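Understanding the architecture of this molecule
Here's the letter readout for the chains.
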Amino acid sequence: MYAIGLMSGTSLDGIDAALIKVSRKEGKRYHHELIDFQCTSYPSKLRWELTEIICGKRGDAAFFSRLHLEVGSVFGEAARALMLRNNLKASQVSVIGFHGQTIWYESLLSQRNSPKSIPFCGIESSPLSEE
């Protein structure tokens, strides 16, 4: 099975995307292999807007809601680019791991995106638990 992992931290240096292949022979341990990795830069306007939130300069509900979708969109595009680069269809990827864009570290609630916000890569999301 193929899996994609996505992440970005408060440095906003880019979106890290890793494609791995996970396999298991009957009765044996799982084995994983890194197939590809890429770092995609945030669009400059989105990076600036996220910096505004991280620095506490902005944070109204409408702004958060819009950025929630925009961040999900660029993460979805990063996943899609990785699939295209490796000639994979969405149906060949079993899972995408995405913790959201970190904006502060006060608690686990600081992760402000969910798997539901990355529909643009063609893989149906199925969170382990509801937010």
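The structure contained in this document is the topic of the report that follows. All of these numbers come straight from a predicted model, not from anything done at the bench. (Residues numbered from 1 in each chain as written. Predicted model: local features only at pLDDT ≥ 70, side-chain atom pairs only at ≥ 80, totals over all residues. Heavy atoms only, no water.)

Here we take up the overall build of the protein. When you go through the protein residue by residue, the secondary structure sums to 2 helices and 4 strands. Each helix and strand of the protein, ordered N terminal to C terminal, gives the series β-β-β-α-α-β. When the 131 residues of the protein are sorted by exposure, 34% land in the buried category. Across the protein, every contact between residues at least 6 apart in sequence was considered, and the portion connecting residues at least 24 apart equals 55%. (Helix = DSSP H or I, 4+ residues; strand = E, 2+ residues; numbered from the N terminus. Buried < 20%, exposed > 50% of the residue type's maximum accessible area, 1.4 Å probe, protein only. Contact = heavy atoms within 4.5 Å.)

So, about the sheet that holds strand β3 (residues 30-40). An order of β3-β2-β1-β4 is seen for the 4 strands of this open sheet, with the pairing classed as mixed. If you trace the sheet from one side to the other, it starts and ends with β3 and β4 (93-98), each paired once. In this sheet, adjacent strand axes meet at a mean angle of 20 degrees when their direction is disregarded. (Pairing = 2+ DSSP bridges. Axes fitted to C-alpha atoms, helices over the stretch in contact; angles between N-to-C directions.)

Now for the side chain of glutamate 52. Tracing the sequence through the fold places glutamate 52 in helix α1 (residues 44-54). Salt bridges are absent for the buried glutamate 52, whose nearest opposite-charge side chain, lysine 57, sits at 4.6 Å. The residues contacting glutamate 52, other than those within four sequence positions of it, are Lys57 and Arg58. (Lys, Arg positive; Asp, Glu negative; His and termini not counted. Salt bridge = Lys/Arg side-chain N within 4 Å of Asp/Glu carboxyl O.)

The analysis is restricted to geometry; functional conclusions fall outside its scope.
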